[in-house]
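# Summary of the model geometry
Single-letter residue listing:
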Amino acid sequence: MPDIAAVESPLFRFADEVRDALIRGLPVVALESNVVAHGFPPPGNLAVAREVEQAVRAGGAVPATIAIADGQFLIGCGPSELEALATAGRGAAKVTSRDIAVALAGGALGATSISATMAIADRSGIATVASAGLGGVHRGAQTTFDISADLTELARTRLIVVCAGVKKILDAGLTLEFLETQGTPVIGYRSGEFPAFYCRDSGFRTQVRLDSAREIAEVAGLHLEFGGSGSVLVTHPIPEADALDGDRIEAAIGQALARAERERVTGPAVTTFVLRAVDEATGGEAAAANRAVLISTAAAAAEIESARAALVRGVPGVR
């Protein structure tokens, strides 16, 4: 059910479809809006947003794209709100979990990252979040301490978060070590390989592989029964037909990082710089793979959330 405090708070604006589904115990999947505003250039970003929402519907769940506008949390964006995000593009503020209060107070349009989407979904009563590539531990974090807020948000929220691992530009091994330290279970959905966004294999394994949505829902339910247990991370690799070659991407990343250093690109700007450079190096194939990842993880999240909701309602036979 939606959180009563959220429903009654003027800070939360629920789409009618999302509120109705939560009240009835039907499956709802939260989606980040940052990929709409910042992930793809307009006008193609609106088409991708609609495709991702349709993938959730096809999986039997209600999509709830999360955003911030006019000093409120939007729990489910309508057609006009999705279009506003897509049209604004990079003009919309990118909102991480630390930026939420500033974005609300400013009253401007805010596109939520994974960490902000998790924080808002958790407080609104949504149980499952879908994303593409989770933020993680950056290369060289031993000296820079550059670690995504997505990871610490996993420890603060009580959700099922479905993604395609971490982006190839990050350090997958250190990310998994960080997740183990903070007690976040990492479940591979129908694959034991820990994926790397638009590559199917990072070279590391997940904690466990489970092949049915109901199994994941059962494990997540048991984990979340413990107080302060944090979220469950579920990884689902990009479809094989859409995946990119890991060695080719690694070479492109190496060149991009060297160029970023020469051009003195630092801080959060490095990630955007490198991703754009990789897309250029692959002739746009990386962007196509990004779209495939978003749709694939949305579909997987809908399956898992449908199984979770059915389990809560006592519906037999859902796998």
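Anything mentioned here points back to the structure above.
Predicted model, so just to flag it, every value in this text is computed and none were measured. (Residues numbered from 1 in each chain as written. Predicted model: local features only at pLDDT ≥ 70, side-chain atom pairs only at ≥ 80, totals over all residues. Heavy atoms only, no water.)

## Some words on unusual backbone geometry
The step from P42 to P43 runs through a cis peptide bond, and the omega angle for that step is 5°. By the element assignment, P43 lies in the loop between α3 (34–39) and α4 (44–58). Positive phi values are uncommon outside glycine, yet D70 reaches one of about 55°. Examined against the element boundaries, D70 turns out to sit in the loop between β3 (62–69) and β4 (72–75). Classification of D70 by relative accessible area gives exposed; the value is 60%. Here the phi dihedral of R264 falls at roughly 60°; this positive angle occurs in a residue that is not glycine. Mapped onto the elements of the fold, R264 is located in the loop between α12 (246–262) and α13 (269–281). (Helix = DSSP H or I, 4+ residues; strand = E, 2+ residues; numbered from the N terminus. Buried < 20%, exposed > 50% of the residue type's maximum accessible area, 1.4 Å probe, protein only.)

## Quick notes on the pairing of β3
Of all eight residues making up β3, eight are buried, and the element is well covered by its neighbours. Here β3 shows a buried face lined by V62, A64, I66 and I68 and a second buried face lined by P63, T65, A67 and A69. The pairing of strand β2 (residues 28–31) with β3 spans four bridges and is classified as parallel. Its bridge partner being in β3, A30 is matched across the sheet by A64. Alignment of β3 against β4, held across four bridges, turns out to be antiparallel. Looking at β4, one finds that I66 is bridged to I75. Where β3 folds back onto β4 in an antiparallel hairpin, the turn is made up of two residues, including D70, whose phi is positive at roughly 55°. Pairing geometry for β3 and strand β6 (residues 110–112), over two bridges, is antiparallel. Note that in β6 the partner of I68 across the bridge is G110. (Pairing = 2+ DSSP bridges.)

## Notes on the packing of aromatic side chains
Tallied over the full model, the rule gives three aromatic pairs. Judged by centre distance (4.9 Å) and plane angle (55°), the rings of F12 and F73 are tilted. Highlighted residues: F12 in strand β1 (residues 12–14) and F73 in strand β4, separated in sequence by 61 residues. Here F12 and F73 have matching classes, each one buried. A centroid spacing of 4.8 Å and a plane angle of 45° characterise the contact between F197 and Y198, whose relative ring orientation is tilted. As far as the burial class goes, F197 and Y198 line up, both buried. An aromatic cluster is built from F12, F14 and F73, whose rings are joined through pairwise contacts. Above the face of the F197 ring, K167 is positioned so that its terminal group lies 5.0 Å from the ring centre. (Phe/Tyr/Trp six-rings, centres within 6.5 Å; stacked < 30°, edge-to-face > 60°. Lys NZ or Arg CZ within 6 Å of the ring centre and 35° of its normal.)

## Observations regarding the state of the cysteines
The bond known as a disulfide is covalent and runs between the sulfur atoms of two cysteines. Tallied over the entire structure, the rule returns zero disulfides. The thiol of C199 is unpaired, and the distance to the nearest cysteine sulfur, on C163, comes to 14 Å. (Disulfide = S-S within 2.5 Å.)

## Re helix α7 (residues 114–124)
Among the 11 residues that make up α7, nine are buried, leaving the element largely enclosed by the rest of the structure. Of all the positions in α7, only I114, S115, A116, T117, M118, A119, I120, A121 and S124 are classed as buried. Positive phi appears at G125, one or two residues downstream of α7, with a value of about 95°.

## Topic: the packing of α7 against helix α9 (residues 149–156)
At their nearest, the axes of α7 and α9 sit 8 Å apart, and the two run at 15° to each other. Overall, the two elements α7 and α9 adopt an arrangement that is roughly parallel. Crossing of α7 over α9 shows left-handed handedness. Of the residues in α9, those in contact with I114, S115, M118, A119 and D122 of α7 are A149, D150, E153, L154 and R156. Looking at side-chain class alone, the contact of α7 with α9 contains five nonpolar, one polar and four charged residues. (Axes fitted to C-alpha atoms, helices over the stretch in contact; angles between N-to-C directions. Parallel < 35°, antiparallel > 145°, perpendicular 65-115°, else oblique. Left-handed = near helix turned anticlockwise from the far one by under 90°. Contact = heavy atoms within 4.5 Å. Nonpolar A, V, L, I, M, F, W, Y, C, P; charged D, E, K, R; others polar.)

Limitation: the analysis is restricted to geometry and does not speak to function.
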